[in-house]
Amino acid sequence: MNNNKGLTYLGNIFHVTEEYEDIVDAVITKGNGLSQGQRLYFESADYQVSGSVILQRHENLSPDGIPERLRLDNILLRHKNLTYDQAAQYKSLMLKADFTYPEAIHEVDTRLRKEGAESTLSWLETMASEMEKYAVCEGDYTHHSHRQDPIPATYGFHRISSMYGAEYQLPWIFRQPELVRRLITTPGRCKSLAQLRNLGKGCYSAQNEKDPVQYQQVYLAMSNAQRNVFWDRYNIRKEKLLSQVSLSDTARALIKRIRTYSKDRLPRLKTNLVKLQKGQIAIKNPPKDEEWDVVWWHFTKRKSP
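Residues numbered from 1 in each chain as written. Predicted model: local features only at pLDDT ≥ 70, side-chain atom pairs only at ≥ 80, totals over all residues. Heavy atoms only, no water.

**Quick look at the overall build of the protein chain**
And then number 1: Regarding its fold elements, the protein chain presents 14 helices and three strands.
And then number 2: Looking at the protein chain as a whole, 38% of its 305 residues are labelled buried.
And then number 3: Restricting to contacts in the protein chain with at least 6 residues of sequence separation, those with at least 24 account for 65%.
And then number 4: Summed over all atoms, the accessible surface of the protein chain reaches about 18700 Å², with 49% contributed by carbon and sulfur. (Helix = DSSP H or I, 4+ residues; strand = E, 2+ residues; numbered from the N terminus. Buried < 20%, exposed > 50% of the residue type's maximum accessible area, 1.4 Å probe, protein only. Contact = heavy atoms within 4.5 Å. Areas by Shrake-Rupley, 256 points an atom, 1.4 Å probe, with all protein chains shown as cover.)

**Quick look at the packing of aromatic side chains**
And then number 1: Inspection of every chain in the model, using the stated rule, returns nine aromatic pairs.
And then number 2: In textbook terms, an aromatic cluster arises when at least three aromatic residues are bridged by ring pairs, as seen for Tyr219, Phe230, Trp231 and Tyr234.
And then number 3: Sitting over the face of the ring of Tyr219, Arg227 holds its NZ or CZ atom 4.4 Å from the ring centroid. (Phe/Tyr/Trp six-rings, centres within 6.5 Å; stacked < 30°, edge-to-face > 60°. Lys NZ or Arg CZ within 6 Å of the ring centre and 35° of its normal.)

**Comments concerning the packing of helix α9 (residues 193-204) against helix α11 (residues 224-243)**
And then number 1: The contact between α9 and α11 brings their axes to 10 Å, and the two run at 155°. As far as their axial angle goes, α11 and α9 are roughly antiparallel. The element α9 and its partner α11 pack so that their crossing is left-handed. Only Phe230, Trp231, Tyr234, Arg237, Lys238, Leu241 and Leu242 of α11 make contact with α9, whose side of the interface consists of Leu193, Leu196, Arg197, Leu199, Gly200 and Cys203.
And then number 2: Considering only residue class, the contact of α9 with α11 consists of nine nonpolar, one polar and three charged. (Axes fitted to C-alpha atoms, helices over the stretch in contact; angles between N-to-C directions. Parallel < 35°, antiparallel > 145°, perpendicular 65-115°, else oblique. Left-handed = near helix turned anticlockwise from the far one by under 90°. Nonpolar A, V, L, I, M, F, W, Y, C, P; charged D, E, K, R; others polar.)

This is the structure in structure tokens:
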């Protein structure tokens, strides 16, 4: 493949010169010079080129094309420290930047928690302005004004690169190798605490395995930064799953006791909780395994400074 001066990496892959009469000819002729990985991009229906902008397809998860996580009530529920005006600004800038796909929302949510609203919204405003420079124009067929469908399309497109010159910085998660990205996003796909726990134990014990399976090999090869992101998403998913556990009266009583105990008496309480969980102390209607997960989570939070 002949590299064209000024083209980005993806620009080189998708650039079609006048020597190709149509895209079919380009696939057959240019495709011969692409690596297998580049051919997957070039021939995929998930990518489109609009002018100098390269678009990637994403699924619209709500009827009007706005993901649930970008609705004001959802934003305020996730980020209780935001004011209504800040939440509205967050939504507006995310839509302006076309950050409507799950990974982008997660990345900005993480930045909000770690760096605060003022810093994040300032960064997001800059990103939105830069992204708007590469926005699809109204003359393009992908623009909503040209859709004839009675309901919004199931799929939409977000910008991932430009054909020419420097482009905005892709979200961190998209700059990671595919297997690393897949493992980092796995906690969010766990449907139960048992699944999540098995994943965490597998990663934690990977270095002690004589013959680690593929995901353990990936974890062992990850950098400290990649592992930190993985465990951050693990803890976010764990807290979400814990909040969904239906608690018995017994479990609620134990949690209430944890909350009301003075911190200097927590070691003694921990000893009694361990005995209760092991059945060494008899108790009526003992908590189930998932309920114990919630109990110990509250204990850990109470114990922390």
